[in-house]
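Breakdown of the fold
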Amino acid sequence: MGARSRFITLIRLAPLLLTLALLAGGCTTNDPYDTLTDFGDHSKTVRGLFWPVLWVAIFVFFAVEGLLLFTMIRFRRRGGERQMPKQTHGNTRLEVGWTIVPSLVLAIIAVPTISTIVDLARTPQNALQVRVVARQWWFEFIYADPADPNRAVSVASEAHIPAGRPIHWTIESEDVIHSFWVPNLAGKQDAVPGKKNDLVFTARQPGVYHGECAEYCLDSHALMRFIVIAEPEGQFNTWLQGQAQSATARTTGSAGRGQELFLGNACIGCHAIEGSAAQGRTAPNLTHFGSRVSLAGNRLENTPENVVRWVTNPQQLKPGAKMPAFGGTLSEEDIKAIADYLHSLK
Ligand code: CUA
């Protein structure tokens with residue numbers, strides 16, 4: 001085989017190689033953006049529909065393209081031909097055929113599609129209710145206090161859930177349209193102002209699952225992230241009981257000074273710290289801030305240095321952030337004291 005014909009063979013094989021590479025790429029595991037996993041019952045059900053529909057689509061693609069190629073080759077102009085071929089218009093049998101066949105394909109696909117939609121819309125009796133409120137640019141998760149179901153427990157950007165139990169998320173928005181999405185566990189659900197949308201799914205095993213906003217919502221859309229921490233039911237109950245308690249902060253030393261500064265500044269207009277004078281409801285509830293692993297919508301690791309960076313200039317870390325920059329009004333030492341106070345809120 002000469003170099004030229006080897007090259008031509010390679011060119012002919014290119015689409016096949018590309019398809020195989022794409023399929024292999026889609027098979028990687030542990031990718032936080034893999035939507036067809038076993039981690040969630042929702043994602044597994046969606047996968048059960050995705051693959052059969054994909055195979056039908058692949059079959060249709062090759063059938064149509066194959067016929068097209070066959071026609072192009074079989075009826076191509078051959079050397080020396082000068083006349084126009086015989087022109088035809090309309091063919092009832094063909095037209096009826098290419099109307100009926102696609103209708104049948106769609107009707108066949110509709111059966112598993114509709115049953116999947118019905119399956120995913122079911123809310124089991126034992127589902128745990130969690131309210132999701134989306135805002136520019138963070139997610140609030142609201143639980144009922146286990147000791148007093150009429151009292152709400154609010155946390156930001158880090159949702160804890162019991163693994164193995166269905167969660168019924170009620171999704172709302174306070175400003176523009178956002179979308180609540182935990183790729184490894186379930187499909188997307190929009191957060192629409194003035195509307196309550198539902199999503200029900202179960203995390204089948206404990207783990208930390210990444211989530212984010214999946215609908216463009218201006219400046220910091222790409223930084224509107226959160227995590228879902230699925231843990232054994234007992235551990236989850238302990239966490240929720242802890243979150244329902246009022247803050248227990250150190251009130252001596254630098255943290256004590258930070259507390260004074262926090263309560264004496266604009267912070268309390270937007271943030272709440274249960275058990276203190278801070279009762280703002282438009283920004284993340286900071287009652288147990290020290291127990292969180294991240295801050296600023298899962299943008300930064302929750303370290304004192306990052307809290308200082310955030311309070312000094314939020315817009316630099318998250319463009320458009322609603323929180324004002326305090327770098328100009330408070331000294332570095334004051335901001336450090338506030339960070340110490342917030343970190344003492346376990
Ligand atoms: Cu919120 Cu995009």
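Every value quoted in this text rests on a predicted model; they were computed, and no experiment measured them. Per chain, residue numbering runs from 1 following the sequence as it is written. The predicted nature of this model means local features are confined to residues of pLDDT at least 70 and side-chain atom pairs, given and counted, to a pLDDT of 80 or more, with totals for whole chains, interfaces and linings taken over all residues. Excluding hydrogens and water, the side-chain values take into account all heavy atoms of the structure.

**Here we look at the side chain of S179**
Mapping S179 onto the fold places it in strand β6 (residues 178-181). Within 3.5 Å is the distance limit for a polar contact, defined as a pair of N or O atoms, with the added protein rule that one can donate a hydrogen and the other accept it, and that residues adjacent in sequence qualify only through two side-chain atoms. At a separation of 3.5 Å, a polar atom in the side chain of S179 contacts the main-chain carbonyl oxygen of Q189. In terms of polar contacts, S179 uses its side chain to reach the side chain of D190, at 3.4 Å. Residues are treated as being in contact if the distance between any of their heavy atoms lies within 4.5 Å. The contacts of S179, once residues within four sequence positions are left out, are F139, K188, Q189, D190, A191, E212, C213, A214 and E215. Starting at the N terminus, helices and strands are each numbered in turn, a helix being any DSSP run of H or I of at least four residues and a strand any DSSP run of E of at least two.

**Here we look at the nonpolar core**
One finds F139, F141, Y143, W169, F180 and V228 to be the most contacted residues of the largest nonpolar core, which totals 36 residues. Setting aside chain neighbours within four positions, we find Y143 in contact with V130, R151, A152, V153, V155, A159, H160, F236, W239 and L240. For this analysis, a nonpolar core means a set of buried residues of the types Ala, Val, Leu, Ile, Met, Phe, Trp, Tyr and Cys, connected via side-chain atoms within 4.5 Å. To sort residues, take the accessible area from a 1.4 Å probe on protein chains only and compare it with the maximum for the residue type: under 20% means buried, over 50% means exposed, and anything in between is partly exposed. In this structure, L295, V307, I335 and L342 belong to the second largest nonpolar core, which totals 26 residues.

**Some points on the pattern of salt bridges**
By salt bridge we mean one thing: a side-chain nitrogen of Lys or Arg within 4 Å of a carboxyl oxygen of Asp or Glu. Within this structure, the stated rule accounts for 10 salt bridges. A salt bridge links E233 to R165; its shortest N-O distance comes to 3.0 Å. Taken together, the positions of E233 in helix α4 (residues 233-244) and R165 in the loop between β4 (158-162) and β5 (167-173) put the pair 68 residues apart, joining distant regions of the chain. Classification of E233 as partly exposed rests on a relative accessible area of 33%.

**Here we look at the domain arrangement of the chain**
You can read the domains of the chain as domain 1 (34-57 + 95-242) and domain 2 (253-343). Between the C-alpha centres of domain 1 and domain 2 there is a distance of 30 Å. Contact residues are listed per partner, giving 17 residues for domain 1 and 20 residues for domain 2. Of the roughly 1500 Å² buried where domain 1 meets domain 2, counting both sides, 50% is carbon and sulfur surface. At the junction of domain 1 with domain 2, the criterion picks out seven residue pairs in polar contact (both at pLDDT 80 or more). Mapped onto the side of domain 1 that touches domain 2, the elements with two or more residues apiece are β3 (148-156) and β10 (225-231). Following the grouping adopted for this structure description, the nonpolar residues are Ala, Val, Leu, Ile, Met, Phe, Trp, Tyr, Cys and Pro, the charged ones are Asp, Glu, Lys and Arg, and the polar ones are all others, Gly among them. A breakdown of the residues in the side of domain 1 that touches domain 2 according to their chemical character gives six nonpolar, six polar and five charged. An automatic or database domain assignment is the source of the domain bounds shown. When two parts are brought into contact, each loses some accessible area as probed by a 1.4 Å sphere; the total of that loss over both is the buried area.

**Overview of the environment of L295**
Structurally, L295 can be placed in strand β11 (residues 294-295). Relative accessible area serves as the criterion here: at 3%, L295 is assigned to the buried category. Counting along the chain gives 11 residues from L295 to N306, while the straight-line C-alpha distance between them is 8.3 Å. Every residue in contact with L295, bar those within four places of it in the chain, is listed here: F289, L300, E301, N302, T303, N306, V307 and W310.

**Things to note about the packing of aromatic side chains**
Classification of ring pairs uses Phe, Tyr and Trp, with its six-membered ring standing for Trp, and accepts pairs whose centres are within 6.5 Å; under 30 degrees between planes counts as stacked, over 60 as edge-to-face, and the remaining range as tilted. For the coordinates displayed, the defined rule picks out 17 aromatic pairs. Between F50 and W51, the aromatic rings sit 5.2 Å apart at their centres with planes inclined by 80 degrees, giving edge-to-face as the arrangement. Exposure remark for F50: the relative accessible area of 35% places this residue in the partly exposed category. With centroids separated by 6.2 Å and ring planes inclined at 45 degrees, the aromatic side chains of Y143 and F236 adopt a geometry described as tilted. Residue Y143 is found in strand β2 (residues 138-145), and its partner F236 is found in helix α4; the two are separated by 93 residues along the sequence. On the accessibility criterion, F236 (1% relative accessible area) is buried. Site record: aromatic cluster; members linked through ring pairs are F139, F141, W169, F180, F201 and F226. We note R74 situated over the ring of F75; from NZ or CZ to the ring centre the distance is 5.1 Å. Either the NZ atom of lysine or the CZ atom of arginine qualifies as a charge over a ring when it sits within 6 Å of the ring centre and within 35 degrees of the ring normal. Residue placement shows K188 over the ring face of W181; its charged tip is 4.6 Å from the ring centre.

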